[in-house]
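Fold and contact review
Spelled out, the chains give:
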Amino acid sequence: MAKITRPQRAKPAPVRTPAKKAAKAAPGAASKSASKTAKKAGKISPAAKLPSAKSKAGPVKPVKKALKATKPWTPAEIREAFSRFAQANPEPKGELEHVNPYTLLVAVVLSAQATDAGVNKATRPLFAVADTPQKMLALGEDAVRDYIKTVGLYRTKAKNVIALSQKLITDFGGEVPRTRAELESLPGAGRKTANVVLNMAFGEHTMAVDTHVFRVGNRTGLAPGKTPLEVELGLEKVIPAEFMLHAHHWLILHGRYTCLARKPRCELCLIKDLCRWPEKTA
């Protein structure tokens, strides 16, 4: 009698639960997934922001507080400083050589981005043959260029000297004008040039701010400013009128020979006890 074979029932496959899948996932995957999901939603959960125990990042350093503004000079201190300058050098002179307002104007135009000594070396022979606008025009641009070829930017400056000479003849009767606006209208002349000419040629109480005056005004705290114009206006505001005629010369000379850019000679400074610079060397 044949045996009846009953088919065996297939054993159901084990169902993996989400907990088991999570158990097999790499450590930290769940938190990364949560972080990514939160980022997509535009938010990051507080847990995602917290550093892990293995994080090497140290605590965030606090931002340093801004330095306090330099204490302004008092009127008495400013008067004392310029009294010392006046006592040490009662009649300071500009170092650009010239024989009249016109040659002063030309010398100042040539002094841009050049030293006074270098300009003087070039202008001595030039002014010996051309000390008026008319003579300079007769000399011509090529000849002027040859005289000043040792001065920086000499090609452009030669062109400006001829152009300003022509404008002086055409618009001002061959004379150097006596207003800042008119002087600034001349080729190659800016506010500093106008202030120097007005001060040295015509005795005006102007403040010409070059690199030396700009440095001294800021370093000492006498008249801090981000631009030469800010320093100029600041100095004009605080310097007593009785010192304004020579003030820019005192400050130029102080910056050129004492308050040097790289190694200021504080040990020789007349106003070191008044100066606000925190890095004084003496």
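For clarity, every value in this text was computed on a predicted model and none was experimentally measured.

Topic: the overall build of the protein chain
A count of helices and strands for the protein chain gives 14 helices and zero strands. Going from the N terminus to the C terminus, the protein chain shows its helices and strands as α-α-α-α-α-α-α-α-α-α-α-α-α-α. Sorting the 282 residues of the protein chain into buried and exposed places 35% on the buried side. Carbon and sulfur atoms provide 58% of the accessible area of the protein chain, an area that totals close to 18400 Å².

Quick word on the environment of Val 209
Summarising the element assignment, Val 209 is placed in the loop between α11 (191-202) and α12 (211-219). Sequence separation between Val 209 and Leu 251 is 42 residues, and the spatial gap between their C-alpha atoms is 9.2 Å. The residues contacting Val 209, other than those within four sequence positions of it, are Lys 192, Phe 214, Pro 228, Val 231 and Glu 232.

What about the nonpolar core?
The biggest cluster of nonpolar side chains holds 33 residues, and the ones touching the most others in it are Tyr 102, Leu 105, Met 136 and Ile 148. Among the secondary structure elements, those contributing two or more residues to this core are α5 (101-110), α6 (116-129), α9 (154-172) and α11. Discounting chain neighbours no more than four positions away, the residues touching Met 136 are Tyr 102, Leu 126, Ala 130, Val 144, Val 161, Ile 162 and Ser 165. In this structure, Ala 247, Trp 250, Cys 269 and Ile 271 belong to the second largest nonpolar core, which totals 24 residues.

Concerning the side chain of Thr 206
Relative to the helices and strands, Thr 206 resides in the loop between α11 and α12. For Thr 206, a relative accessible area of 6% puts it in the buried group. A polar contact of 2.7 Å, which involves the side chain of Thr 206, links it to the backbone oxygen of Asn 195. When residues no more than four places from it in sequence are discounted, the contact partners of Thr 206 are Arg 180, Asn 195, Leu 198, Asn 199, Glu 236, Met 244 and His 248.

Considering the packing of aromatic side chains
The tally for this structure, following the rule as stated, stands at four aromatic pairs. Relative to Phe 85, the ring of Phe 82 has its centre 5.6 Å away and its plane inclined at 75 degrees; by these criteria the two rings are edge-to-face. In this pair, Phe 82 and Phe 85 are both assigned in helix α4 (residues 75-88), three residues apart and thus about one turn of the helix distant. Joined through ring pairs, the aromatic side chains of Phe 82, Phe 85, Phe 243 and Trp 250 make up one cluster. The ring of Trp 277 carries Arg 219 above its face, with NZ or CZ at 4.6 Å from the centroid.

What to know about α9
Helix length check: α9 (19 residues) gives 25 Å between terminal C-alpha atoms against 27 Å at 1.5 Å per residue, within 8%. Burial in α9 covers these residues: Lys 157, Ala 158, Asn 160, Val 161, Ile 162, Leu 164, Ser 165 and Leu 168. Residues of α9 that are buried make contact with α5, α7 (133-139) and α8 (141-147).

With respect to the packing of α12 against helix α14 (residues 244-257)
Between α12 and α14, the shortest axis-to-axis distance is 8 Å and the interhelical angle comes to 85 degrees. As judged from the angle between their axes, α12 and α14 are roughly perpendicular. Contacts between α12 and α14 pair His 212, Val 213, Arg 215 and Val 216 from the former with His 248, Leu 251, Ile 252, His 254, Gly 255 and Arg 256 from the latter. Considered class by class, the residues forming the contact of α12 with α14 number four nonpolar, four polar and two charged.

A short note on the pattern of salt bridges
Per the stated rule, a full pass over the model turns up 12 salt bridges. Shared partners join several salt bridges into a network, and the residues in it are Glu 80, Arg 84 and Asp 273.

Focus: unusual backbone geometry
A positive phi angle is found at Gln 113, which is not glycine, with a value near 55 degrees. In this fold, Gln 113 is placed in the loop between α5 and α6. Positive phi, close to 60 degrees, is recorded for Leu 153, a residue that is not glycine. Among the secondary structure elements, Leu 153 is positioned in the loop between α8 and α9.

Things to note about the environment of Glu 182
Along the polypeptide, Glu 182 turns up in helix α10 (residues 180-184). A relative accessible area of 31% places Glu 182 in the partly exposed class.

Topic: the confidence of the model for the protein chain
Summarising the model, the protein chain shows a mean pLDDT of 83, and 76% of its residues fall at 70 or more. Here residues 1-7 is modelled with pLDDT under 50, and outside its nearest four sequence neighbours on either side it reaches zero contacts, counting other chains as well. Low confidence marks residues 9-13, where pLDDT is under 50. Its contacts with residues over four positions away, or in another chain, come to zero contacts.

Calculation rules
- Residues numbered from 1 in each chain as written.
- Predicted model: local features only at pLDDT ≥ 70, side-chain atom pairs only at ≥ 80, totals over all residues.
- Heavy atoms only, no water.
- Helix = DSSP H or I, 4+ residues; strand = E, 2+ residues; numbered from the N terminus.
- Buried < 20%, exposed > 50% of the residue type's maximum accessible area, 1.4 Å probe, protein only.
- Areas by Shrake-Rupley, 256 points an atom, 1.4 Å probe, with all protein chains shown as cover.
- Contact = heavy atoms within 4.5 Å.
- Core = buried A, V, L, I, M, F, W, Y, C linked by side-chain atoms within 4.5 Å.
- Polar contact = N/O pair within 3.5 Å; in protein donor to acceptor, adjacent residues only side chain to side chain.
- Phe/Tyr/Trp six-rings, centres within 6.5 Å; stacked < 30°, edge-to-face > 60°.
- Lys NZ or Arg CZ within 6 Å of the ring centre and 35° of its normal.
- Expected span 1.5 Å × (residues − 1).
- Axes fitted to C-alpha atoms, helices over the stretch in contact; angles between N-to-C directions.
- Parallel < 35°, antiparallel > 145°, perpendicular 65-115°, else oblique.
- Nonpolar A, V, L, I, M, F, W, Y, C, P; charged D, E, K, R; others polar.
- Salt bridge = Lys/Arg side-chain N within 4 Å of Asp/Glu carboxyl O.
- pLDDT = per-residue confidence, 0-100.

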